[in-house]
Amino acid sequence: MSVAIWWIRRDLRLGDNPALRGALSCAQQVIPVFVQDPFFDSSPMVSTRRLMFLADGLSRLDEELRSHGSYLVIRSGQPLDVLSDLVDQTGAERIFAEADYSPYARRRDRPVVDRLDLQLVGGPSLSHPRSVLKQDGSPYTVYSPYMRAWKATYLTGQVNLIDPPSKITTPPGISSDPGQVIPDEVVEMDFLGGEQEAQRRLDAFTRGADPEIYRYADQRDRMDLDATSLLSPYLRFGMLSAGQAVQAAREALQNARDESARKGAETWLNELIWREFYIAILYHFPRVSRGSFRENLRDIRWNNDPREFDAWCEGRTGYPVIDAAMRQLRNTGWMHNRARMIVASFLTKDLLIDWRWGERWFMQQLIDGDPAANNGGWQWTAGTGTDAAPYFRIFNPVLQSKKFDPHGDYIRRWVSELVQVPGRYIHSPWEMPVELQRNSKCLLGEDYPLPIIDHGFARQRTLEAYKNAGQEVD
């Protein structure tokens, strides 16, 4: 009886899975296997919560597989060694896996492709990074033209989703290694793993009589509202495919009742395309994982004060919106996208700390930490990336706070010291009279820190540092 291996990496689902379909199409029996390679234990970029979310997703995938007549095998070691042993043990003739485009994934897959019959199909994005190119064959480095080319390719036809199989036959008795994937430290999680939860969230956000997607354009930047899809962790691990998300956005566009609703659906689709864009950028320019894309901004003279960095990480900068966002990250492993931009701007443009410090910290904390999106977002905010905000665009944390958390609800949720501070001062508590500080149980410098830096001074310092970096290269 013919046997194939389905090597699971970032595709923890049965629906719309080309790697699984490939395995089922060429063999009578399929072995679903997840390989925990040494990266899990050695990389400083691994997040405890992300590991827990992955472990939960694997557990739920195993349940789904068992309901289809199969089960999940988890092995530990170098992928080539593990897969070679499994081929020898089972007589498997071919291995199927979803393609992955990050520098690490391509290094991991190369020796397996060279030694074993590994077929890489599909991918974490709907488009392969080589499928959306300029007319001269070079990659796009600016989002807007990339978006237009992407839409011309992927919005003109139907997205062909693959139905989940009715049955998967797996040879019995293939053992898993004990005690794998689950990290030693256990923390609370706000996200349930698994394909079913991903589909439930997608349906709740995009379908129904009045789905949230239709208000997305107007409300997505409000940190005090639950107005985003919260699907990024599921896309990160392929519990939801890019095709499923794009198709849901397209259906919402078609069913939109008015221009406002259509704008909401289109705005969310554009965010999905940003994800595709950053995956393509990392594929074509892997150097961005090590340094700035813009040559004239590779030598910025960062301040890099470790004490200020620690204050930023711990949410004690004295700027309420910054502290709320950083405490949300530490406590949940997730942060609102607008908040991510605000804290990234504060780290790079107010504290003048290298964006790579923040990129690394985010990867150590985020459930949805993705090397392409995380790098792209940080370089955009720092002004060093491909499609970057101009370096002189520096977010004012107080103005951002007032605009996107107008009543201070987000701040009060995460910064307990400020719960009793009146709305007039919630965004800038250092302006409170001392008597009101006492009445609000928020003495500045005692109960809550004074601002770590003056924004006006910081802005001018950053402008000079960036300007000088460009002049030095030119």
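All of the points below concern the structure found in this document.

What counts, and at which threshold
- Residues numbered from 1 in each chain as written.
- Predicted model: local features only at pLDDT ≥ 70, side-chain atom pairs only at ≥ 80, totals over all residues.
- Heavy atoms only, no water.
- Helix = DSSP H or I, 4+ residues; strand = E, 2+ residues; numbered from the N terminus.
- Rg over C-alpha atoms; globule rule 2.2 N^0.38 Å.
- Buried < 20%, exposed > 50% of the residue type's maximum accessible area, 1.4 Å probe, protein only.
- Contact = heavy atoms within 4.5 Å.
- Areas by Shrake-Rupley, 256 points an atom, 1.4 Å probe, with all protein chains shown as cover.
- Lys, Arg positive; Asp, Glu negative; His and termini not counted.
- Charge placed at Lys NZ, Arg CZ, Asp CG, Glu CD.
- Salt bridge = Lys/Arg side-chain N within 4 Å of Asp/Glu carboxyl O.
- 1 Å grid on protein atoms, 1.4 Å probe; cavity = no way out; pocket = protein on both sides within 12 Å on 5 of 7 lines; lining within 4 Å.
- Points joined across faces, edges and corners; volume = space filled by probe spheres on them.
- Arc of directions from axis to C-beta.
- Polar contact = N/O pair within 3.5 Å; in protein donor to acceptor, adjacent residues only side chain to side chain.
- Nonpolar A, V, L, I, M, F, W, Y, C, P; charged D, E, K, R; others polar.

**With respect to the overall build of the protein chain**
Part 1 of the reasoning: Helix and strand content of the protein chain: 20 helices and 5 strands.
Part 2 of the reasoning: In summary, the protein chain has a C-alpha radius of gyration of 24 Å against a globular reference of 23 Å for 474 residues, a match within 12%.
Part 3 of the reasoning: Considered along the principal axes of its C-alpha atoms, the protein chain spans approximately 80 × 50 × 50 Å.
Part 4 of the reasoning: Scored against the burial criterion, the 474 residues of the protein chain give a buried share of 58%.
Part 5 of the reasoning: By sequence separation, contacts in the protein chain at least 24 residues apart represent 77% of the contacts at least 6 residues apart.
Part 6 of the reasoning: Approximately 20500 Å² of the protein chain is accessible, and the part contributed by carbon and sulfur atoms is 46%.
Part 7 of the reasoning: For the protein chain, the distance from the average position of its 57 positive side-chain charges to the average position of its 63 negative side-chain charges is 4 Å.

**Some details on the pattern of salt bridges**
Part 1 of the reasoning: For the structure shown, the criterion picks out 26 salt bridges.
Part 2 of the reasoning: When the shortest N-O distance is used, the salt bridge between Asp109 and Arg9 registers 2.9 Å. Taken together, the residues span a long stretch of sequence, with Asp109 in helix H5 (residues 103-115) and Arg9 in the loop between strand S1 (3-8) and helix H1 (18-26) at a distance of 100 residues.
Part 3 of the reasoning: Its relative accessible area of 4% is what places Asp109 among the buried residues.
Part 4 of the reasoning: The buried category is assigned to Arg9, whose relative accessible area is 7%.
Part 5 of the reasoning: Where Arg338 meets Asp221, a salt bridge forms, and the shortest distance between an N and an O atom there is 3.3 Å. Residue Arg338 is found in helix H14 (residues 337-350), and its partner Asp221 is found in the loop between helix H8 (216-219) and helix H9 (232-236); the two are separated by 117 residues along the sequence. Across the pair, Asp221 and Arg338 agree in class, each one buried.

**Some words on the environment of His427**
Part 1 of the reasoning: Considering the arrangement of structural elements, one finds His427 in the loop between helix H18 (409-414) and helix H19 (434-439).
Part 2 of the reasoning: Looking at His427, the relative accessible area reads 6%, which means it is buried.
Part 3 of the reasoning: Counting along the chain gives 15 residues from His427 to Cys442, while the straight-line C-alpha distance between them is 13 Å.
Part 4 of the reasoning: If we ignore the near neighbours within four places in the chain, the residues touching His427 are Pro320, Val398, Ser401, Lys402, Asp405, Pro406, Gly408 and Ile411.

**Things to note about the layout of surface pockets**
Part 1 of the reasoning: Approximately 1100 Å³ is the volume found for the largest pocket.
Part 2 of the reasoning: Considering the residues around the largest pocket, the lining is formed by 37 residues, among which Glu271, Trp274, Asn337, Arg340 and Ala373 are closest to the centre.
Part 3 of the reasoning: Contributing elements (two or more residues each) for the lining of the largest pocket: H9, helix H11 (259-284), H14 and helix H16 (371-382).
Part 4 of the reasoning: Roughly 880 Å³ of volume is contained in the second largest pocket.
Part 5 of the reasoning: In terms of lining, the second largest pocket is formed by 38 residues, of which the most central are Phe39, Tyr104, Arg236, Met363 and Pro371.
Part 6 of the reasoning: Contributions of two or more residues to the lining of the second largest pocket are made by S1, strand S2 (29-36), helix H2 (39-42), helix H3 (48-67), H5, helix H15 (355-365) and H16.
Part 7 of the reasoning: For the lining of the second largest pocket, the element with the most residues is H5, which contributes 5 residues.

**Description of H1**
Part 1 of the reasoning: Within the span of H1, buried status applies to Ala19, Leu20, Gly22 and Ala23. Buried residues of H1, viewed axially, fall in a sector of 160°; they line one side.
Part 2 of the reasoning: Those residues of H1 hidden inside the fold are in contact with S1, S2, strand S4 (94-98) and strand S5 (118-121).
Part 3 of the reasoning: Looking at where H1 begins, the residue whose side-chain oxygen comes 3.1 Å from the main-chain nitrogen of Ala19 is Asn17.

**Section: empty space enclosed by the protein**
Part 1 of the reasoning: Per the counting criterion, the structure on display carries 5 cavities of 30 Å³ or more.
Part 2 of the reasoning: Along the wall of the largest cavity there are 15 residues; nearest its centre are Tyr278, Ile281, Asn375, Gly376 and Thr386.
Part 3 of the reasoning: Breaking the lining of the largest cavity down by element, the ones donating at least two residues are H11 and H16.
Part 4 of the reasoning: The greatest single-element share of the lining of the largest cavity, amounting to 6 residues, is contributed by H16.
Part 5 of the reasoning: Of the residues belonging to the lining of the largest cavity, the class tally is 9 nonpolar, 5 polar and 1 charged.
Part 6 of the reasoning: There is about 80 Å³ of room inside the second largest cavity.
Part 7 of the reasoning: In this structure, the second largest cavity is lined by Arg10, Asp100, Tyr101, Ser102, Pro124, Ile279, Leu282, Asp370, Pro371 and Ala372.

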